[in-house]
Amino acid sequence: MSSARNRFLGWGAPLLAVIIFVAWTAPHIMYNFTPSMPVGFYWIWRPHGSIKAGDVVLACVPLDTPAAREGLRRHYLPTQQFGALRCPGDVYPVVKPVAAVPGDTVTLSLAGVAVDHRLLPNTAIIQADPQDRPVRHMPLGAYRVPASTFWLISGFNRLSFDSRYWGPVPRADILRLAVPFLTFPWHPSKGAIHAD
């Protein structure tokens, strides 16, 4: 009897601990395979408290803009991915860094996006997608970020489909914070326009 108990304590208890750990953490882990952010694993959880510039979030794209509707038709926005989180229109949430928060000034120009007069790298507005179709974007100019809205801009991939095109995201549409814990620098489709 004690031999079976010792065997269980030797390998069964650690195995049980791993199963419990995986069951507890699985809903809090996401694998990003999109080119707008580094590919890999991210811890995710509901945001509590304020959202800051630089935070990486999972958010719903405001589908009431012409650019977002066009992105949905052209498959810039993901609709066929795994995961329990879904947005209106059965669209999968996008994974983006927060570039501007309430009170910031966002300036859009063909050269890129500036937040409070600081040009963000790799954010020039794309005029045409890889199929040479024109891409809609927010009107060029300066925007003061109102309360409870955020601009999500990814400079990781110059073809990221983000707030440059569909505008700011309301706080209510930010579903999760995401923190990378195991990512890889390479992505096979970094040359295609993607929102997520």
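What you see is a predicted model; the values in this text were computed from it and never measured.

1. Digging into helix H2 (residues 66-73)
Taken residue by residue, H2 has Ala67, Ala68, Glu70 and Gly71 as its buried positions. The buried side chains of H2 occupy one side of the element, clustering within an arc of 160° when seen end-on. Buried residues in H2 make contact with helix H3 (163-166). Taken from the residues just after H2, histidine 75 is the one with a positive phi, measuring 65°.

2. Overview of the environment of leucine 63
Tracing the backbone shows leucine 63 in the loop between strand E3 (56-59) and H2. As a C-alpha pair, leucine 63 and cysteine 87 span 24 residues in sequence and 9.6 Å in three-dimensional space. Those residues within four positions of leucine 63 in sequence are excluded, and the remaining contacts are Ala68, Arg69, Leu72, Leu77, Pro88, Gly89 and Val91.

3. Regarding the packing of aromatic side chains
Where two aromatic rings form a pair, the distance of their centres and the angle of their planes describe that pair. One pass over the full model with this rule turns up six aromatic pairs. Three or more aromatic residues joined by ring pairs form one cluster here, namely Tyr31, Phe41, Trp43 and Phe181.

4. Things to note about the side chain of aspartate 162
For aspartate 162, the position within the fold is in the loop between strand E9 (149-152) and H3. Separated by 3.0 Å, the side chain of aspartate 162 and the backbone nitrogen of serine 154 make a polar contact. Leaving out residues up to four positions away in the same chain, aspartate 162 has contacts with Lys96, Leu152, Ile153 and Ser154.

5. A short note on the pattern of salt bridges
Applying the stated rule across the entire model yields six salt bridges. The closest approach of N and O atoms between arginine 136 and glutamate 70, which form a salt bridge, is 3.3 Å. Here arginine 136 is found in the loop between strand E7 (118-119) and strand E8 (141-144), whereas its partner glutamate 70 is found in helix H2, with 66 residues between them in sequence. For arginine 164, the salt bridge identified is with aspartate 162, shortest N-O distance 2.7 Å. Pair check on accessibility: arginine 164 and aspartate 162 agree, each one buried. Here the salt bridges share partners, and the residues they tie into one network are Glu70, Arg74, Asp129, Arg133 and Arg136.

6. With respect to the sheet that holds E7
Strands pair in a sheet through their backbones, by hydrogen bonds, and they do so in one of two ways: parallel or antiparallel. Within the open sheet, the four strands sit side by side as E7-E6-E5-E8. Their pairing is antiparallel. This sheet does not close on itself; its edge strands, each paired only once, are E7 and E8. Pairing of strand E5 (residues 105-109) with strand E6 (residues 112-115) involves four bridges; the strand directions are antiparallel. Looking across to E6, one finds that serine 109 is bridged to glycine 112.

7. Things to note about a nonpolar patch on the surface
Taken together, the side chains of Ile29, Tyr31, Phe33, Phe41, Phe181, Leu182 and Phe184 present a nonpolar region at the surface, about 590 Å² in accessible area. Every element with two or more residues in the nonpolar patch is listed here: strand E1 (29-32) and strand E11 (174-184). Mapping isoleucine 29 onto the fold places it in strand E1. Overall, the relative accessible area of 30% leaves isoleucine 29 in the partly exposed class.

8. Notes on the nonpolar core
One finds Val57, Val106, Trp151, Leu152, Tyr165 and Trp166 to be the most contacted residues of the largest nonpolar core, which totals 38 residues. Contributions of two or more residues to this core are made by E3, H2, strand E4 (94-100), E5, E6, E9, H3 and E11. The element contributing the most residues to this core is E4, with four residues.

9. Considering unusual backbone geometry
Even without a glycine there, the phi angle at aspartate 90 is positive, about 55°. Checked against the element boundaries, aspartate 90 lands in the loop between H2 and E4. With a phi close to 65°, aspartate 132 is a non-glycine residue in the positive phi region.

Conventions and cut-offs
- Residues numbered from 1 in each chain as written.
- Predicted model: local features only at pLDDT ≥ 70, side-chain atom pairs only at ≥ 80, totals over all residues.
- Heavy atoms only, no water.
- Buried < 20%, exposed > 50% of the residue type's maximum accessible area, 1.4 Å probe, protein only.
- Helix = DSSP H or I, 4+ residues; strand = E, 2+ residues; numbered from the N terminus.
- Arc of directions from axis to C-beta.
- Contact = heavy atoms within 4.5 Å.
- Phe/Tyr/Trp six-rings, centres within 6.5 Å; stacked < 30°, edge-to-face > 60°.
- Polar contact = N/O pair within 3.5 Å; in protein donor to acceptor, adjacent residues only side chain to side chain.
- Salt bridge = Lys/Arg side-chain N within 4 Å of Asp/Glu carboxyl O.
- Pairing = 2+ DSSP bridges.
- Patch = residues over 30% accessible without salt bridge, like charges linked within 9 Å, V, L, I, M, F, W, Y side chains within 5 Å.
- Areas by Shrake-Rupley, 256 points an atom, 1.4 Å probe, with all protein chains shown as cover.
- Core = buried A, V, L, I, M, F, W, Y, C linked by side-chain atoms within 4.5 Å.

Read these as geometric descriptors, not functional statements.
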